[in-house]
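# Residue-level structure breakdown
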Amino acid sequence: MATQKLAVDRDLCKAHGNCYAGSPDLFCPDEYGFSIALRSEVGDEHLEAAQRAVDGCPEHAIKLEPTA
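In this report, the structure presented in the accompanying data block is examined. (Residues numbered from 1 in each chain as written. Predicted model: local features only at pLDDT ≥ 70, side-chain atom pairs only at ≥ 80, totals over all residues. Heavy atoms only, no water.)

With that settled, consider unusual backbone geometry. With phi around 65°, alanine 15 is a residue other than glycine that occupies positive phi space. Secondary-structure assignment places alanine 15 in the loop between strand 1 (4-8) and helix 1 (18-22). (Helix = DSSP H or I, 4+ residues; strand = E, 2+ residues; numbered from the N terminus.)

Next comes the structure, spelled out in structure tokens:
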């Protein structure tokens, strides 16, 4: 099972909410609506949802990268 790093760039996030609306197991909003990643790494079972969040972020604030 491969894992990937999942992160939200708080400087780029504009609180559109696409990520936590579409992938609530991986993201939630803070008190201002900005996204928080609930996991720092995702495995195969969450990879599709994580990629959907990356693709759906209009600000490109979500990063998904292979772990070393």
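Further notes follow.
Over its 13 residues, helix 2 (residues 44-56) runs 19 Å from end to end, which matches the ideal 18 Å to within 8%, given 1.5 Å per residue. Among all positions in helix 2, only His46, Ala49, Ala50, Ala53 and Val54 are buried. Mapping the buried residues of helix 2 onto a view down its axis gives an arc of 145°, with all of them on the same face. Of the residues in helix 2, the exposed ones pointing more than 90 degrees away from the buried face are Glu48 and Asp55. Tucked inside the fold, the buried residues of helix 2 contact strand 1, helix 1, strand 2 (27-29), strand 4 (41-42) and strand 5 (62-66). (Expected span 1.5 Å × (residues − 1). Buried < 20%, exposed > 50% of the residue type's maximum accessible area, 1.4 Å probe, protein only. Arc of directions from axis to C-beta. Contact = heavy atoms within 4.5 Å.)

This part takes up the side chain of serine 35. Looking at the element boundaries, serine 35 is found in strand 3 (residues 35-37). With residues up to four places along the chain from it excluded, the contact list for serine 35 reads Val8, Arg10, Cys13, Cys19, Tyr20, Phe27 and Cys28.

Our next topic: the nonpolar core. Core analysis: the biggest nonpolar cluster contains 15 residues, and Leu6, Leu26, Phe27, Val42, Ala50, Ile62 and Leu64 have the highest contact counts within it. Secondary structure elements with two or more residues in this core: strand 1, helix 2 and strand 5. When residues of this core are assigned to their parent elements, the largest contribution, 4 residues, is made by helix 2. Among residues more than four places away in sequence, those in contact with leucine 6 are Leu26, Phe27, Ala37, Arg39, Ser40, Glu41, Val42, Ala50, Ile62, Lys63 and Leu64. (Core = buried A, V, L, I, M, F, W, Y, C linked by side-chain atoms within 4.5 Å.)

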